[in-house]
There are 2 protein chains.
Amino acid sequence: MKSSGKQFAVGVDFGGTSVKLALVNAQGKIVARRKFDTAEAAGQAAWLEAVSVCIAQMLKTCGLKKSALAGVGVGVPGFVDFEKGFIHDLTNVPGWTAVKLAALMQKKLGLPAFVDNDANMMALGEIVFGGGKNLQTAVFLTLGTGVGGGIVLDGQVYRGAHSMAGELGHISIERNGLVSPQGRGGLEQYIGNRRIIEHTVRLLKAGHKSVLTKLCGGDYALVTPELIARAAHAGDKFSLEVFDYVADCLATALASVTYLLQPEAFIIGGGVAASGKILFDPLRQHLAARLSPHFAKRIKVLPAKLGNDAGAVGGAALALQAQE
Amino acid sequence: MKSSGKQFAVGVDFGGTSVKLALVNAQGKIVARRKFDTAEAAGQAAWLEAVSVCIAQMLKTCGLKKSALAGVGVGVPGFVDFEKGFIHDLTNVPGWTAVKLAALMQKKLGLPAFVDNDANMMALGEIVFGGGKNLQTAVFLTLGTGVGGGIVLDGQVYRGAHSMAGELGHISIERNGLVSPQGRGGLEQYIGNRRIIEHTVRLLKAGHKSVLTKLCGGDYALVTPELIARAAHAGDKFSLEVFDYVADCLATALASVTYLLQPEAFIIGGGVAASGKILFDPLRQHLAARLSPHFAKRIKVLPAKLGNDAGAVGGAALALQAQE
C-alpha cells in the first residue's frame, strides 16, 4: 500500500451467521474489531445502522476520526456486480436480492464503499497482507464445504468480463466425472468437505483398515476432515492416502491454472488446508509431477495466513487500494 | 488502435519453414507482404539482413518511409522472455538459443522491436483485428498438430509471472488421463491432430462402420482430420461422432477457463477449426452443458478469421499498441 493516502480502512465480512468488521491500518494490521449476528440486523436498514454503529465504535476505540478512513470494503456471500456495487443475490441470506449496497453505504456512512464477493476479498487480503504478501500475481483457494477462490493479477483482483471470474471450485478435473449444476468433474465435487467424507467412508465400508474406525467408534457419521487429518498426523496410512488423493485432485486443477495463468504462487486456506503438511507435501509433489520443469520450478504453493480475518482484511485492502 | 500515433507497423511470423512479413495499417489491414525460407537465412546475421531487406521492399511498394512505422513485432515458435525481448530457445530452428532478438533488431532496423511467442501474437492479431475484433477480454486457441493459445485481458496479451502463461494445450481434462512430458490428461493429448487420427483409426479397426474406410481405400495411414471432416460434412455418422468427441474434450477445457477467467469469448482457429459447424455446433452445446446458466449465457465461441496471417498481424498490432 502507498503511504501517501489515508492510513486506515474498514473491512466488512458479511457472513450468513455473523457480520465481522475490522479497522485495518495501511500495513494490514487489524487495530479494532466488531461483530454482530446477521439475524439480529435483518433487512437493509438495520444492517446499515449496525455497520455504522460498529464503525463509529472502532474509530472511538482507536481515537481516530472518520476522515482517517480511505473507505469501506464489504465481502458478501453471493453474486455481485463489482463495478456497480450491486448485489444480485446472496446465498443463505434472505432479503438481499437486487441491492445497490455500495451506494447505500456511501450515503449512510459518508465514505467510499466497495462490494465484492467474499472469495475475492479473501484473495486480496491474503495476497496483499497475508500468505502472499509482496506477490503481485497469485491465485487464492479456500477449501471448506465448497472450494472458493480468487485471482489477483498485478496486485488487483481479476474479475473477468462480468464480475464472475475466479470460480476455482468448478474447474473440471475429469471429463466424464461427477455431474453437478455447475457442469461435470468440478474440483469441488471431489474435495469439498462432504465429498472427502463420502470418499473416506466408502473406502472404510469397503474394508480398508484404518485407525479412523476406532476413532469414530464405528459410527461413520462422525468422520470429518479434521478427524481424518488427526489420524493422518498420527501416521495412519489410510488417512494419509485420503489426503494424497485430495492433494492430487487439487494438483490437477492447479496444474491447469498454472499452464493458463502462470501465477507466482497459490495461496491455500480454509479448514482442509489447516491440516498442514499432510496436505501441502503431497500437493507440491503432485503439482510438480503434473507440470513441465519450466513451470514446476517457478510456482509456489503457500499456506494462507489470515484465517477468518482474510475477508475483512481484504475489504480494507480494497478500500486502501482504491484511493491510489 | 488509437489514431494519434504512427499508422503502420510490421509483423513478422518466424516459422520453422518460412518467415512471413506483413506491413499492416492501423486498421489491421495487410498492405504489403514478403516471405523468405527460414533455411535460406540461417543464422542471426543473415536473418536480420533478410528481414531488413523485406521491410525496405514493402515500404517502397507502398511509397512509405521508415518513419511511418510504429515498430516491428516478431512471433517466434519457442520460449521467450517478452520483457527482455530474449529468445531462450526455438523449437525446430537451430542456432537461436539465448538470443536478444529485440535488441538486435532495434539496432539493425532503427525501429522499436518486440518479440513474443507465436501463439501470443496470433491471439493478439485475432482479438484486436480478427475473429475477436472489438473484444477486450478473450482467449484464443489454435488447433493443429499441437494445441496452442493466448490470453488477451483488457486488450493486452497476458503473459503471467514469467512470460509463459496461455498454454491452453496443457490444461488437464482427465486426472488419470494420458501422460506426457507436460503432465497428465493435457487437452493436446486428446485433440492434437495425431491424437484425433489415432482415436479414429482405433475405432475403425475395432469395427465401427464409416464411409472413411472406403474414402481411405482401407489404408488407415491416409486418415487425416481433413478426411474425417469431409466425411462428417457428407453426413457420415461415425465422423460426426469423432468431431463430437473432439468438441467435448475441448469444451471440458474451455469450461474450466470460463470459470477461471470469464472471458467475453473464445476465438478458435487452426486446421481442425476450419472444419466449421461440425466442430463449432457440438462445441457450443457441450460448453453450455458444462457451465451454469449464468456463465453459459455470457460466453461466446467464435471462429478465427485471419488464418495464416494471424501471427504477422498480431506482431504489427503489438508494435502499434506499444506506442500508445
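Cut-offs applied
- Residues numbered from 1 in each chain as written.
- Chains lettered and ligands numbered in written order.
- Predicted model: local features only at pLDDT ≥ 70, side-chain atom pairs only at ≥ 80, totals over all residues.
- Heavy atoms only, no water.
- Helix = DSSP H or I, 4+ residues; strand = E, 2+ residues; numbered from the N terminus.
- Rg over C-alpha atoms; globule rule 2.2 N^0.38 Å.
- Buried < 20%, exposed > 50% of the residue type's maximum accessible area, 1.4 Å probe, protein only.
- pLDDT = per-residue confidence, 0-100.
- Axes fitted to C-alpha atoms, helices over the stretch in contact; angles between N-to-C directions.
- Parallel < 35°, antiparallel > 145°, perpendicular 65-115°, else oblique.
- Contact = heavy atoms within 4.5 Å.
- Nonpolar A, V, L, I, M, F, W, Y, C, P; charged D, E, K, R; others polar.
- Expected span 1.5 Å × (residues − 1).
- Arc of directions from axis to C-beta.
- Buried area = accessible area lost by both parts, 1.4 Å probe.
- Salt bridge = Lys/Arg side-chain N within 4 Å of Asp/Glu carboxyl O.
- Polar contact = N/O pair within 3.5 Å; in protein donor to acceptor, adjacent residues only side chain to side chain.
- Least-squares fit on C-alpha atoms with pLDDT ≥ 70 in both.
- Pairing = 2+ DSSP bridges.

A. Inspection of the overall build of chain A at higher detail. Regarding its fold elements, chain A presents 11 helices and 14 strands. Taken over the C-alpha trace, chain A has a radius of gyration of 21 Å; the compact-globule value for 324 residues is 20 Å, and the two agree within 12%. Principal-axis analysis of the C-alpha atoms gives chain A an extent of 60 × 45 × 35 Å. A burial count over chain A gives 58% of its 324 residues as buried.

B. Structural view of the confidence of the model for chain A. Chain-level pLDDT for chain A is 96 on average; 99% of the residues reach the 70-or-more range. Complex prediction metrics read pTM 0.96 and ipTM 0.96.

C. Broad picture of the packing of helix H3 (residues 118-129) of chain B against helix H11 (residues 310-322) of chain B. All names here are of chain B. Here H3 crosses H11 at 75°, and the two axes come no closer than 7 Å. The orientation of H3 relative to H11 falls into the category roughly perpendicular. The segment H3 lies against H11, with Met-121, Met-122, Leu-124, Gly-125, Glu-126, Val-128 and Phe-129 engaging Ala-310, Gly-311, Val-313, Gly-314, Gly-315, Ala-317, Leu-318, Leu-320 and Gln-321. Here the contact of H3 with H11 is built from residues that sort into 10 nonpolar, 5 polar and 1 charged.

D. Helix H1 (residues 44-61) of chain A, seen in detail. Residue and element names in this part refer to chain A. If you check H1, its first and last C-alpha atoms are 26 Å apart, about what 18 residues at 1.5 Å a residue would give, namely 26 Å. Among the residues making up H1, those that are buried are Trp-47, Leu-48, Ala-50, Val-51, Cys-54, Ile-55, Met-58 and Leu-59. Across the axial projection of H1, the buried residues extend over an arc of 165°, all falling on one side. Opposite the buried face of H1, at more than 90 degrees from it, the exposed residues are Ala-45 and Lys-60. On its buried face, H1 sits against strand E1 (8-14), strand E2 (18-25), strand E3 (30-37), strand E4 (69-76) and helix H2 (101-109). A positive phi of about 65° marks Gly-63, the residue just after H1.

E. Spatial organisation of the interface of chain B and chain A. Counting residues at the interface gives 45 residues for chain B and 45 residues for chain A. A per-residue breakdown of the area chain B buries against chain A is headed by Arg175(B), Tyr259(B) and Leu260(B), which together make up 22% of the total. Linking chain B with chain A are 4 salt bridges, by the criterion used here. Among the ionic pairs, Arg175(A) bridges to Glu174(B), the shortest N-O distance being 3.8 Å. Where chain B packs against chain A, one counts 24 residue pairs in polar contact (both at pLDDT 80 or more). Those elements giving two or more residues to the side of chain B that touches chain A turn out to be strand E9 (147-153), strand E12 (183-184), helix H8 (237-261) and helix H10 (293-296) of chain B. Considering every element that reaches the side of chain B that touches chain A, the biggest residue donor is H8(B), with 9 residues. Residue composition of the side of chain B that touches chain A, by class: 21 nonpolar, 15 polar and 9 charged.

F. The arrangement of the environment of Lys66(B) in detail. Residues and elements named next belong to chain B. Its place among the elements puts Lys-66 in the loop between helix H1 (44-61) and strand E4 (69-76). C-alpha of Lys-66 to C-alpha of Leu-111: the two residues are 45 residues apart in sequence and 8.3 Å apart in space. Once you skip the residues sitting within four places of it in the chain, Lys-66 turns out to touch Leu-59, Leu-109, Gly-110 and Leu-111. Side-chain polar atoms of Lys-66 contact the backbone oxygen of Leu-109, separated by 2.8 Å.

G. Highlighting the relation of the copies chain B and chain A. After a rotation of 180° and a shift along the axis of 0.0 Å, chain B superposes on chain A with an RMSD of 0.0 Å. These values place the two chain copies in the arrangement generated by a two-fold rotation axis. Proximity to the rotation axis, assessed at the C-alpha, singles out Glu174(B) in chain B; its C-alpha lies 2.3 Å from the axis. The share of interface residues of chain B whose copies in chain A are also at the interface is 100%, consistent with both copies meeting through the same surface.

H. A look at the sheet that holds strand E7 (residues 113-117) of chain A. Residues and elements named next belong to chain A. Judged by pairing direction, the sheet is mixed, and its 5 strands sit side by side in the order E3-E2-E1-E4-E7 without closing on themselves. Edge positions in the open sheet fall to E3 and E7, since each of these has one partner strand only. Taking each pair of neighbouring strands and ignoring which way they run, the sheet shows an average axis angle of 15°. Sheet analysis places E4 next to E7, joined by 5 bridges and oriented parallel. Within E7, the position partnered with Val-74 by the bridge is Val-115. Across the sheet, H1 lies against E1, E2, E3 and E4, angled at about 150° from E3, the strand it touches most. Its contacts with the sheet put H2 on E4 and E7, and the angle it makes with E7 is roughly 150°.

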